[in-house]
Amino acid sequence: MAGIKKELRVLGPECKKYRQLADLSQREVARRLGYESAQIISNFERGLCGLPPKNLFEYGRICGIPESVILGISLSEFLYSMAEELSPGSIKGLC
């Protein structure tokens, strides 16, 4: 996954699952968030970019994602990323 932010590798795809379960299109979610294009939602769901926190939690509300899920994934990915930066290769036993 070269080039994809480590913090977004799980969050975006996990959010996509919820969106699909809610039977919503990327275009519909983008529209509800005030975006003109669905491209930002596509990019987010593939881990290429993040959403501003306000929009991330609104995405969650729209798609029925509990805040605890968003916070849990975000925190675990942030901690994983920080540990990897501090000591590359030494966190394999944590996963």
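Scroll up a little and you will see the structure.
Parameters at a glance
Residues numbered from 1 in each chain as written. Predicted model: local features only at pLDDT ≥ 70, side-chain atom pairs only at ≥ 80, totals over all residues. Heavy atoms only, no water. Buried < 20%, exposed > 50% of the residue type's maximum accessible area, 1.4 Å probe, protein only. Helix = DSSP H or I, 4+ residues; strand = E, 2+ residues; numbered from the N terminus. Arc of directions from axis to C-beta. Contact = heavy atoms within 4.5 Å. Polar contact = N/O pair within 3.5 Å; in protein donor to acceptor, adjacent residues only side chain to side chain.

Caption draft 1: Region of interest: helix α2 (residues 26-33). Among the residues of α2, V29, A30 and L33 are the ones counted as buried. End-on view of α2: buried residues confined to an arc of 100°, all on one side of the axis. Summarising the geometry of α2, the exposed residues directed more than 90 degrees from the buried face are R27 and R31. Packing partners of the buried residues in α2 comprise α1 (11-21), α3 (39-45) and α4 (53-63). Phi for G34, located one or two positions after α2, is positive at around 90°.

Caption draft 2: Molecular detail of the side chain of E45. Note that E45 resides in helix α3. A distance of 2.7 Å separates polar atoms of two side chains, one belonging to E45 and the other to Q26. Leave out the neighbours within four places in its chain, and E45 touches G12, P13, K16, R19, Q26 and Y59.

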